[in-house]
Amino acid sequence: MTWDNARADAIIEAYKALDGAALPILHALQKEFGYIDDAAIEPVAKALNLSRAEIHGVVTFYHDFRKTKPGRHVLRVCRAEACQSRGADALVEHAAVRAKGHDAALTLEPVFCLGLCATAPAAMLDGELYGRLTQKRLDALIDGCVR
Amino acid sequence: MRALRFFLPRDAGALAVGADGVARALHTTAQARGLAIELVRTGSRGLYWLEPMLELETPRGRIAFGAVEVGDIAAILDAVIADKPHAKSLGPTDAIPFLARQTRLTFKRCGVVDPLAPVAFKGLDAARRLGAQATIDAVTQSGLRGRGGAGFPTGIKWNTVRAAQGERKYIVCNADEGDSGTFADRMLMEGDPFALIEGMAIAGFAVGATKGFVYIRSEYPHAIATLDAALRIARANRQLGPDFDIEIRVGAGAYVCGEETALLESLEGRRGTVRAKPPLPAHRGLFGMPTVVNNVISLATVPWILANGAEAYRDFGMGKSRGTMPIQLAGNVKHGGLYETAFGVTLGALVDEIGGGTATGRPVRAVQVGGPLGAYFPRALFDTPFDYEAFAARDGLIGHGGIVVFDDGVDMAAQARFAMEFCAHESCGKCTPCRIGSTRGVETIDKIVAGQDRAANTALLEDLCQTLKFGSLCALGGFTPYPVLSALRHFPEYFGAGKSRQAAE
Ligand SMILES: Cc1cc2nc3c(=O)[nH]c(=O)nc-3n(C[C@H](O)[C@H](O)[C@H](O)COP(=O)(O)O)c2cc1C
Ligand code: SF4
Ligand code: FES
């Protein structure tokens, strides 16, 4: 859904009492909106009694947190060593070529290991896992996104 | 006729290769034939090249089929009913050599049981009978060392936390499992979450902690869901004890948060930067309180030790590496999976005999042991026994037990470059050599490969590695030289060695 300050405030409120609540709050915001809008920095900082710089630092430190809204689908092809040994580099490049010009439909994000290293190469599409990937299967997945 | 009882994993590794489709096909095909079946979804046995692996209960024990595809189901049901073999039949599960040769202690139940079927906490009962100090003594006597990578004796860590003063104490389970080539933590949390929960409850009892956190990486949504469900069951059954509770926290894609102090920073809601030691987390850890930080496998092994005795565990292994290690065979390997065995098996036996060589059928050129900070080993070192000290003596590490196999298509200079790139990408930023030197390392390797001042740049790369080794606060910067220098030393041909100087310069 599109960013909504009132909804964001409700989420912050629901999690702020946890010890070390920053990550749980940011995860919940991203789950709801797909990203963390700059508008969230101030209310999160206030709720946790931290500076805006600190919260901004947290958001930018962690690779998971997006600062902009992603496409309708998010594809993460594993780039770590076990997948490299089964040709992941070529898949990553291929996906980049295929995704070009489809920003609204598909966002590519790197990931370093999905724990599927014995069925490499691996990828995650919108939370679903795929192992023993081939270029053909990858193409089919991407077709499903950009069609 | 009684319902046929099938077992099929719902482990992420099996789901990624189509286990849910197989489950649906089994139900619809059976229904169409009016055949009564029961399907139990389990964790994985860890024979990933055979996933999805379907098992059937028979009077002679379970028999297995793999790797099963949706299109096989009808014929498998025919074969089962006619009591005939099928092309995908693997025979009795326990007799499959990859399984039969293992010593499954930590992973005894994993892949066999429904992960959410409640189990008695026999190890916790034994701990309560023994008392807190004797529980720690048993863990110490078992010889158990941290399975997260550093290999620190678990009992000694627990003793420090028990002796430390603090208003509250914490048990933190490190389930960040960021190393490529490793998936033991994931498999255990998805296949036998109660082993981890029981291990944490024992740790809490032993050191006097009231709260536990499991920090799981966000890349493991299935493990998070299964552990969460198991936790609710254990809590409802009052299995955690009157004054201990566990909470799950999810990481956010930072490799360095597997380092224990960065993990604590992250749990406290900050950027995952590494803390200087001392103070040790055992003295001042989470929220400044005495804290045990242990890997999933370290904790999940404790129930077995308490239930079966420290001696029984200690009897396995070699030298100072006691007990068993869940070794993970990954990458370009024919029989990829999890192989739990006593320490001491050689690298060559693991790769060639147990792993069956490469999946591509080409010669094995190199293996990386212990994740992205581990060394690359050539065949010449395949006699190295799987043991903490033996790997250290060869400038390597066993880490969390992952072995990634590469065939002769590998470019070892590219692998060394990736190690530097990964360090730059994941650096917490605190130390200059790690933050900046790693990027210099990438550039220097590029120059070497391009043949630019090869000798001088090779010397520079070695220098840079020395600076990383000695100028880094943690092993991310400190150990990145392992993959880089091992590639350079054992595989110089990929860095242009042998080409004439003049030609290069
Ligand atoms: C960069 C870096 C990453 C690490 N990642 C992990 C990890 O993912 N899981 C883990 O258990 N230990 C990891 N460790 C080791 C931990 O710092 C710590 O030694 C371990 O959690 C202690 O538990 P153990 O004694 O049971 O092994 C990492 C260390 C470093 C330096
Ligand atoms: S070595 Fe790298 S990751 Fe480790 S503390 Fe220093 S900068 Fe951070
Ligand atoms: S390296 Fe790709 S899944 Fe582990």
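Data block above holds the structure.
Now for a description of the structure that goes with this document. If you're wondering where the values come from, they're calculated on a predicted model, not measured in any experiment.

### Looking at the sheet that holds strand 3 (residues 123–125) of chain A
Residues and elements named next belong to chain A.
Next up, step 1: Strand order across the open sheet formed by four strands is 2-1-3-4, with mixed pairing between neighbours. Each edge of the sheet is formed by a strand with only one pairing partner; in this case those strands are strand 2 (106–111) and strand 4 (128–130). The sheet shows a mean angle of 20 degrees between the axes of neighbouring strands, direction not considered.
Next up, step 2: Here strand 1 (residues 73–78) pairs with strand 3 via three bridges, running antiparallel. Within strand 3, the position partnered with L75 by the bridge is L125.
Next up, step 3: Lying on the sheet, helix 6 (residues 88–99) is in contact with strand 1 and strand 2; it crosses strand 1 at an angle near 155 degrees.
Next up, step 4: In the packing of helix 7 (residues 135–146) onto the sheet, the strands contacted are strand 1, strand 2, strand 3 and strand 4, and the crossing angle to strand 1 comes to about 165 degrees.

### Let's talk about the site of ligand 1
Residue and element names in this part refer to chain B.
Next up, step 1: G148, N174, N294, N295 and S298 are the nearest of the 19 residues found near ligand 1.
Next up, step 2: In the environment of ligand 1, an oxygen atom lies 3.5 Å from a nitrogen or oxygen atom belonging to the backbone of V293.
Next up, step 3: In the model, an oxygen atom of ligand 1 is placed 2.8 Å from a nitrogen or oxygen of the N295 main chain.
Next up, step 4: Counting only elements with at least two residues in the shell around ligand 1, the list comes to strand 9 (291–295) and helix 19 (475–479).
Next up, step 5: Considering each element in turn, the shell around ligand 1 owes the most residues, three residues, to strand 9.
Next up, step 6: Looking at side-chain class alone, the shell around ligand 1 contains five nonpolar, eight polar and six charged residues.

### Looking at the site of ligand 2
Next up, step 1: Residues in close proximity to ligand 2 total 13 residues, the closest being B:C428, B:K430, B:C431, B:C434 and B:C474.
Next up, step 2: Its residues placed into classes, the shell around ligand 2 shows eight nonpolar, four polar and one charged.

### Regarding the pairing of strand 13 (residues 337–342) of chain B
All names here are of chain B.
Next up, step 1: Burial of strand 13 is extensive: six of the six residues sit out of reach of the surface.
Next up, step 2: Here strand 12 (residues 324–331) runs beside strand 13; their pairing, made up of six bridges, is antiparallel. Counted as the bridge partner of T324 is A342 from strand 13.
Next up, step 3: Here strand 12 hands over to strand 13 after five residues, the two strands then running antiparallel side by side.

### What about the side chain of B:D407?
All names here are of chain B.
Next up, step 1: The residue D407 is located in strand 16 (residues 402–407) in this model.
Next up, step 2: A distance of 2.8 Å separates a polar atom in the side chain of D407 from the backbone nitrogen of G409.
Next up, step 3: Setting aside its immediate chain neighbours within four residues, D407 contacts N332, T358, T360, R362, P363, V364 and R365.

### A few points about the side chain of A:Q84
Next up, step 1: Looking at where A:Q84 falls in the secondary structure, it is placed in helix 5 (residues 81–84).
Next up, step 2: Once residues within four sequence positions are removed from consideration, A:Q84 is found in contact with A:R79, A:D89, B:Q415 and B:F418.

### Observations concerning helix 11 (residues 260–267) of chain B
One turn of an α-helix holds 3.6 residues; hence residues three or four places apart share an orientation.
Next up, step 1: By the criterion of burial, helix 11 of chain B is predominantly enclosed, with seven of the eight residues buried.
Next up, step 2: Every buried residue of helix 11 of chain B is accounted for by B:T261, B:A262, B:L263, B:L264, B:E265, B:S266 and B:L267.
Next up, step 3: Where helix 11 of chain B is buried, its residues contact helix 2 (22–33) of chain A together with strand 6 (170–175), strand 7 (211–216), strand 8 (245–250) and strand 9 of chain B.
Next up, step 4: Taken from the residues just after helix 11 of chain B, B:G269 is the one with a positive phi, measuring 100 degrees.

Calculation notes
- Residues numbered from 1 in each chain as written.
- Chains lettered and ligands numbered in written order.
- Predicted model: local features only at pLDDT ≥ 70, side-chain atom pairs only at ≥ 80, totals over all residues.
- Heavy atoms only, no water.
- Pairing = 2+ DSSP bridges.
- Helix = DSSP H or I, 4+ residues; strand = E, 2+ residues; numbered from the N terminus.
- Axes fitted to C-alpha atoms, helices over the stretch in contact; angles between N-to-C directions.
- Contact = heavy atoms within 4.5 Å.
- Near = heavy atom within 4 Å.
- Polar contact = N/O pair within 3.5 Å; in protein donor to acceptor, adjacent residues only side chain to side chain.
- Nonpolar A, V, L, I, M, F, W, Y, C, P; charged D, E, K, R; others polar.
- Buried < 20%, exposed > 50% of the residue type's maximum accessible area, 1.4 Å probe, protein only.

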